[in-house]
Amino acid sequence: MTTPAGSGAGFGSVSWWGLSPALDLQAESPPPVDPDSRADTEHGTPQLDVLLLGSVDGRHLLRTLARAELWSPRRFCFYVLENNLEAVARHMLIFSLALEDPEKMGLQEKSEAFLEVWGNALLRPPVAAFVRAQADCLAHLVLEPERLAKQLPWLSLDALKFRERDVLEAVFRFWASGEKGPEAFPMSRLWDSRLRHYLGSRYDARRGVSDWDLHMKLHDRGARVIHIREFRRWRDTGVAFELRDSSAYHVPNRTLASGRLLSHSGERVAARGYWGDIATGPFVAFGIEADDESLLRTSNGQPIKTAGEITQHNVTELFRALTAWGRPRASQGNPMEVPGEKDGTREPAPGLESFTVHFLPLHSSQTLHHKTCYKGQFQLLYVACGMVHLLSPELGACVAPGGHLIVELARYLVDLRQEQLQAFTARVRELAEAAGFAPQPGARPSETFARFYKSQDSASDCTDPVVPSRPPTPEVLALPPGVLALSLEVVVPSHEATNPPSEDQPQPLQGRMLPPEPVQLPSESQVSFSEALAPPTGSQTSKPEFNCIPRNQVPHL
């Protein structure tokens, strides 16, 4: 079967990395309140509350924290909502790595470990050992709130349900277990299987397909620094950042494992596999822009640095800025002085107590406005391109009057044609206006992000928290044909048609492709493997897709 251009099948059903450059959220948010009026600030400094839907890899949060010294003191409260718990676990692992004690892990080692865990399908043995140790530690902390608050004061799981915390522990246990070796998650075979079904009859010409997608799509859309060698290598093997000899990468990256509910003999069976991006790659988030303009210079019309080299530089500088947190700093000579440092006196830099990352329950975007603590609370709302269908008046009610909305566009989705990108951008504007937002006046034109603000008049139109909200109407959620109705690949091996999956073969990923289904709300279509294993709650007993899974046939974590 040949996958036509524009099908969107390469995007996958789970996002592991962002498809847009990292943002400084302070630069995107409205100015802070009057610093003289501290009535609404608990810690004596203005507070920035940000709600992020589908941020996936924490790149916006890390860049915001790294650039905090360029702004006046401000406390951050990040509220993160994902559509699967594996992404929440990845957030926790990435942040624990980024904030690792510099005395335990050097800057270069930390940067290289981050790049491998974040963007490589295969890891080096030392990095895999670090992931196992860190996952084992997080598995113990998830179920012990007191220890969690003591060891990771920046993390809050209070909003998660107990069921979701149990699932998080199961995910970390799978990452930490290494007794079965690569057989428990044969990433190379799973990657090749996804690639074969994505390309179909074009598989034998995959080098030519990679060249076309890179030169005619990514390069034309602004990502010219991505080199053909690194792009081909990632398309073929899943290794985006080769910092050592290629033979050193052979341990599967279990943090990229997720699951799908597959139909087998009339029943829903959970199966683990790789369901992420195989078309664009992780080069866009940190690899196509840089504060140091010399990295983007060209010679004879060709960039002198590759996306991998720029990514490594940006991540190293980002971690260098995070390492300086909590140490005294002097503002003498700094053009952006922090109040209270005019005489060159040394003042503590922002510390771990200056920000908190709150993880919200899955599928809670349409019910947040019922709680007074969230209604009109956020000064900034960020929505990833894969979560645009959740943009609704109910979600808009959580944004304070004058707050900003940033929507990631589908510019770097190589499966979408130019007319589809334009239709997607137009549809985003319609959804934003229906949610009570208007385009930001004077905002710089961008093909990567759409920027809106919430007018003061729209505050009176917010949904009353006492009245139960209705689900979004089909007119609001119906996206243009071919735009974000990305087909979800469900690949089942041929022998699974007659035999149920066993514990030794938990990845049903070889054989034919079932008919694609359009993306629906996460509660209906994007059910994570971990959710399928958790027992149903009282409010979910009526959902057969969570109850019909035979426990003796579900691959164990």
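Look up a bit, the structure's there.
Below: a short report on this structure. (Residues numbered from 1 in each chain as written. Predicted model: local features only at pLDDT ≥ 70, side-chain atom pairs only at ≥ 80, totals over all residues. Heavy atoms only, no water.)

A closer look at helix H12 (residues 307–323)
Here is step 1: Along its 17 residues, H12 runs 24 Å from first to last C-alpha, staying within 8% of the 24 Å computed at 1.5 Å per residue.
Here is step 2: Check the buried side of H12 and you find it contacts helix H2 (59–66), helix H3 (85–98), helix H4 (107–119), helix H10 (228–237) and helix H11 (284–287). (Helix = DSSP H or I, 4+ residues; strand = E, 2+ residues; numbered from the N terminus. Expected span 1.5 Å × (residues − 1). Contact = heavy atoms within 4.5 Å.)

Details of the packing of aromatic side chains
Here is step 1: One pass over the full model with this rule turns up 20 aromatic pairs.
Here is step 2: Centroid distance Trp191 to Trp234: 5.4 Å. Interplanar angle 80°. Geometry classified as edge-to-face. With Trp191 in helix H8 (residues 187–199) and Trp234 in helix H10, this residue pair connects regions lying 43 residues apart in the sequence.
Here is step 3: Its relative accessible area of 0% is what places Trp234 among the buried residues.
Here is step 4: Three or more aromatic residues joined by ring pairs make a cluster, and in this case those are Trp17, Phe114, Trp118, Trp191, Phe231, Trp234, Phe241, Tyr274, Phe283, Phe286 and Phe319.
Here is step 5: Positioned above the aromatic ring of Tyr203 is the side chain of Arg206, whose terminal nitrogen or guanidinium carbon lies 4.3 Å from the ring centre. (Phe/Tyr/Trp six-rings, centres within 6.5 Å; stacked < 30°, edge-to-face > 60°. Buried < 20%, exposed > 50% of the residue type's maximum accessible area, 1.4 Å probe, protein only. Lys NZ or Arg CZ within 6 Å of the ring centre and 35° of its normal.)

Quick notes on the layout of surface pockets
Here is step 1: Reported here for the largest pocket is a volume of approximately 740 Å³.
Here is step 2: If you go around the largest pocket, you meet 34 residues; those closest to its centre are Ala22, Arg63, Glu289, Ala290 and Asp291.
Here is step 3: The leading source of residues in the lining of the largest pocket is H12, at 6 residues.
Here is step 4: Of the residues that constitute the lining of the largest pocket, the class distribution is 15 nonpolar, 6 polar and 13 charged. (1 Å grid on protein atoms, 1.4 Å probe; cavity = no way out; pocket = protein on both sides within 12 Å on 5 of 7 lines; lining within 4 Å. Points joined across faces, edges and corners; volume = space filled by probe spheres on them. Nonpolar A, V, L, I, M, F, W, Y, C, P; charged D, E, K, R; others polar.)

Points about the sheet that holds strand E4 (residues 155–156)
Here is step 1: Across the sheet, 8 strands lie side by side as E4-E12-E2-E1-E13-E14-E16-E15; this open sheet has mixed pairing. Two strands bound the open sheet, and with one partner strand each, they are E4 and strand E15 (437–439).
Here is step 2: Here strand E2 (residues 75–81) pairs with strand E12 (residues 355–359) via 5 bridges, running parallel. Bridge pairing links Phe78 to Val357 in E12.
Here is step 3: Each of E2, E4 and E12 is contacted by H3, which is oriented at about 160° to E12, the strand it contacts most. (Pairing = 2+ DSSP bridges. Axes fitted to C-alpha atoms, helices over the stretch in contact; angles between N-to-C directions.)

Concerning the pattern of salt bridges
Here is step 1: Using the criterion set out here, one finds 22 salt bridges in the structure.
Here is step 2: Between Arg63 and Asp291 there is a salt bridge; the shortest N-O distance is 3.2 Å. Of this pair, Arg63 sits in helix H2 while Asp291 sits in the loop between H11 and strand E8 (298–299), placing them 228 residues apart in sequence.
Here is step 3: Note that Glu433 and Arg429 form a salt bridge whose closest N and O atoms lie 3.2 Å from each other. Note that Glu433 and Arg429 are positioned in helix H14 (residues 418–434) at a spacing of 4 residues, about one turn of the helix.
Here is step 4: A relative accessible area of 41% places Glu433 in the partly exposed class.
Here is step 5: Here the residues in one salt-bridge network are Asp24, Arg63, Arg67 and Asp291, joined through shared partners. (Salt bridge = Lys/Arg side-chain N within 4 Å of Asp/Glu carboxyl O.)

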